[in-house]
Amino acid sequence: ALGEEGKGCRRTYTETPNSNSRQVNESARKANDQVTLNVGGVIFRVSRETLLVADSFFYAMLGSDRWPVPQNGEYFIDRDPDLFPIILTYLRTGKWRTGSLGQEDKNRLKAEVDYYAICKSVNLTLRAAATSITLKNDRTCSGKGTAITSQSLPQSEYFEWKVTIVEFAGTPWTSIGVCTGALNPGSLLCNQPHGCGLYINNESCYFRYNASNVESVVNSIGAAKKGKVITVGFSDNGRNRSIRFTCKGKSTREFPVELQGPIFAAISPSLGCVFSIHETAPF
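A quick note: this is a predicted structure, and the numbers were derived from the prediction, not measured. (Residues numbered from 1 in each chain as written. Predicted model: local features only at pLDDT ≥ 70, side-chain atom pairs only at ≥ 80, totals over all residues. Heavy atoms only, no water.)

Visitor: When you look at the nonpolar core in this model, what are you seeing that I'm missing?
Guide: Most often, soluble globular proteins have nonpolar side chains that are buried together. In this structure, W161, V178, I221, F245 and F275 are the most contacted members of the largest nonpolar core, which totals 37 residues. When residues of this core are traced back to their parent elements, those giving at least two are β10 (158-167), β11 (174-179), β12 (195-200), β13 (205-209), β15 (229-236), β16 (241-247), β19 (264-268) and β20 (274-279). Broken down by element, this core gets its largest block of residues, 4 residues, from β10. Counting 25 residues, the second-largest nonpolar core is a separate cluster that includes L37, F57, L62 and I86. (Core = buried A, V, L, I, M, F, W, Y, C linked by side-chain atoms within 4.5 Å. Buried < 20%, exposed > 50% of the residue type's maximum accessible area, 1.4 Å probe, protein only. Helix = DSSP H or I, 4+ residues; strand = E, 2+ residues; numbered from the N terminus.)

This is the structure:
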């Protein structure tokens, strides 16, 4: 409760049952386990818990005997200090605050994210969801059927991954998009009611949503060819879901995704086609 005393309006605070004691206790605990970082000459003080992201630069730094605590108590990191607050916000909240950045700064931020190796929110390892799919350790798949990621995409966030066409033979149609995981063996992703995405061959490209009989020409992506990289972005704000595709800086409009339940990234290659899938920083 907030009170005032005398003409000087000195403010006093009295704890009540509604006070944020849990947050205070958590902050006090983190204050006793601070790490001081000197990033490019700028000092940041962060809790050890915030920095301990598995397999990240910070995880290796704090858990390695090769980098003991310096005498002055500061870990010096020769990186960009201007973008580091955005990285700290992500580590604390799991969300990227990049709306005020231009594309040049976003490109710089991607380089910082790659250096710190912190963007690991979803495992994009592929698993076979239909027959005749061959999977390799380098995240490539080939054959006929559908491969999906081993973990569903995060809810209430924008998530992005890229698909590279490693090989593309002949004129078969293939699919790149999302699904609920409930797939019919041997059928392309876009030809069943539980999936949607690009329907592409070496001549043209469509967005197909078979459950709603929606089919739109996607000229900005173009036809399939060896070496083409297609970035897939999926949005889920808890009420609406959508998907968009980008190739060489040109993006499609956002297509609504009317699927219910957990969503998985998916690829349906045709015979003679090889695809790889990798996570990217979502900005």
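Don't stop here, the text continues.
Visitor: When you look at the packing of aromatic side chains in this model, what are you seeing that I'm missing?
Guide: What describes a pair of aromatic rings is the distance from one ring centre to the other and the angle between the planes of the rings. Applying the stated criterion across every chain, the model contains 15 aromatic pairs. On the numbers, 4.9 Å between centres and 15 degrees between planes, the contact of F58 with Y116 is stacked. Here the residue F58 occupies a position in helix α3 (residues 57-62), and Y116 occupies one in helix α5 (residues 103-116), the gap between them amounting to 58 residues. Look at W173 and Y206: their rings are 5.8 Å apart centre to centre, the planes differ by 50 degrees, and that puts the pair in the tilted class. With W173 in the loop between β10 and β11 and Y206 in strand β13, the pair connects residues that are 33 residues apart, well separated along the chain. (Phe/Tyr/Trp six-rings, centres within 6.5 Å; stacked < 30°, edge-to-face > 60°.)

Visitor: Hey, could you run me through the pairing of strand β4 (residues 42-47) in this one?
Guide: Along any regular strand the residues' side chains alternate between the sheet's two faces. Bridge count for strand β3 (residues 34-39) against β4 is 6 bridges, and the pairing is antiparallel. Bridge assignment links L37 to a residue of β4, and that residue is F44. Where β3 folds back on β4, the antiparallel hairpin that results is connected by 2 residues, among which G40 adopts a positive phi of roughly 60 degrees. (Pairing = 2+ DSSP bridges.)

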